[in-house]
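A structural walkthrough
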Amino acid sequence: QSLLVESGGGLVQPGGSLTLSCQASLPDFSYDSVTWFRQAPGKEREVISCISGSGTNTKYTEAVKGRFTVSRDNAKNTVYLQMNSLEPEDTAVYYCATQSTLVTTMCFMTATGMNFWGQGTQVTVSS
């Protein structure tokens, strides 16, 4: 069905950058908060960032704070995750997920309540 499609993953050297995209085929996208997750080999899925429907509020875990930036363009139904200063520990499959909410200033740093998930894009950081 591919209501959410991630793209932009690939192989990058330590210290490099990548920008991921999450393209949504959803109506009224400004009423969807978007959360980014990642899952590395042998680890549990972890939440790393979210952005509110309006784009005014963002959150980050300490693991990515200062290195990653989440943004959105609702006219394009797209959310972006710019990743800088990448390290091998960032190697994972990255997923976006949405939660519908009328409160366009909120986003959620938990998997609970997510309505749709993308199938992920692989990011590999290696020299």
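Residues numbered from 1 in each chain as written. Predicted model: local features only at pLDDT ≥ 70, side-chain atom pairs only at ≥ 80, totals over all residues. Heavy atoms only, no water.

Concerning the environment of Thr-101
Inclusion rule: Under the scheme used here, helices are H or I runs from DSSP no shorter than 4 residues and strands are E runs no shorter than 2 residues, and both carry numbers assigned from the N terminus. By definition in these notes, contact holds between two residues if any of their heavy atoms fall within 4.5 Å. Contacts described as polar in this section are N or O atom pairs within 3.5 Å, which, within protein, must combine one atom able to donate a hydrogen with one able to accept it, while residues neighboring in sequence count only if both atoms come from side chains.
Checked against the element boundaries, Thr-101 lands in the loop between strand E9 (92-100) and strand E10 (116-117). Sequence-wise, Thr-101 and Ser-30 are 71 residues apart; in three dimensions their C-alpha atoms are separated by 9.1 Å. Dropping the residues within four chain positions of it, Thr-101 is found in contact with Tyr-31, Ser-33 and Phe-108. A polar contact of 3.1 Å, which involves the side chain of Thr-101, links it to the backbone nitrogen of Val-103.

Focus on the state of the cysteines
Under the convention used in this document: Our working definition of a disulfide is a cysteine sulfur pair at a distance within 2.5 Å.
The final tally for this structure, using the stated rule, is 2 disulfides. Covalent S-S linkage joins Cys-22 and Cys-96, the inter-sulfur distance amounting to 2.1 Å. Classification of the bridge connecting Cys-22 and Cys-96 rests on its S-S torsion, roughly 75°, and on that basis the disulfide is right-handed. Remark: Cys-96 occurs in strand E9 and Cys-22 occurs in strand E3 (residues 18-24); sequence separation between them is 74 residues.

Considerations on the side chain of Asp-32
In plain terms, the rule: Any residue under 20% of the maximum accessible area for its type is buried, any over 50% is exposed, and the rest in between are partly exposed; the area is computed with a 1.4 Å probe on protein chains only. Positive charges come from Lys and Arg, negative ones from Asp and Glu, while His and the chain ends are left out of the count. Criterion for a salt bridge: a side-chain nitrogen of Lys or Arg within 4 Å of a carboxyl oxygen of Asp or Glu.
Relative to the elements of secondary structure, Asp-32 occurs in strand E4 (residues 32-39). Among buried Asp, Glu, Lys and Arg side chains, Asp-32 stands out as unpaired, with Arg-72 the closest opposite charge at 6.1 Å. Every residue in contact with Asp-32, bar those within four places of it in the chain, is listed here: Leu-26, Pro-27, Gly-53, Arg-72, Thr-98, Gln-99 and Ser-100.

So, unusual backbone geometry
The residue Asn-77 is not glycine, and still its phi comes out positive at about 50°. Among the structural elements, Asn-77 can be located in the loop between strand E7 (68-73) and strand E8 (78-83). Here the phi dihedral of Ser-85 falls at roughly 50°; this positive angle occurs in a residue that is not glycine. Mapped onto the fold, Ser-85 is located in the loop between E8 and E9.

Quick look at the pairing of strand E1 (residues 4-7)
Worth spelling out the cut-off: Pairing between strands requires that DSSP locate at least two bridges from one strand to the other.
The two faces of E1 differ: Leu-4 and Glu-6 on one face are buried, but Val-5 and Ser-7 on the other face are not. Relative to E3, E1 runs antiparallel, the two sharing 4 bridges. Across the sheet, residue Leu-4 finds its bridge partner in E3, namely Ala-24.

Topic: the pattern of salt bridges
The tally for this structure, following the rule as stated, stands at 3 salt bridges. With its nearest N and O atoms 2.9 Å apart, the salt bridge here joins Asp-90 to Arg-38. With a gap of 52 residues between them, Asp-90 in the loop between E8 and E9 and Arg-38 in strand E4 connect regions that are remote in the sequence. Looking at Asp-90, the relative accessible area reads 2%, which means it is buried. Salt-bridge contacts for Asp-90 lead to Arg-67; the nearest nitrogen and oxygen are separated by 2.8 Å. Of this pair, Asp-90 sits in the loop between E8 and E9 while Arg-67 sits in the loop between strand E6 (58-60) and E7, and the two are 23 residues apart along the sequence. For the residue pair Asp-90 and Arg-67, the accessibility class agrees, reading buried in each case.

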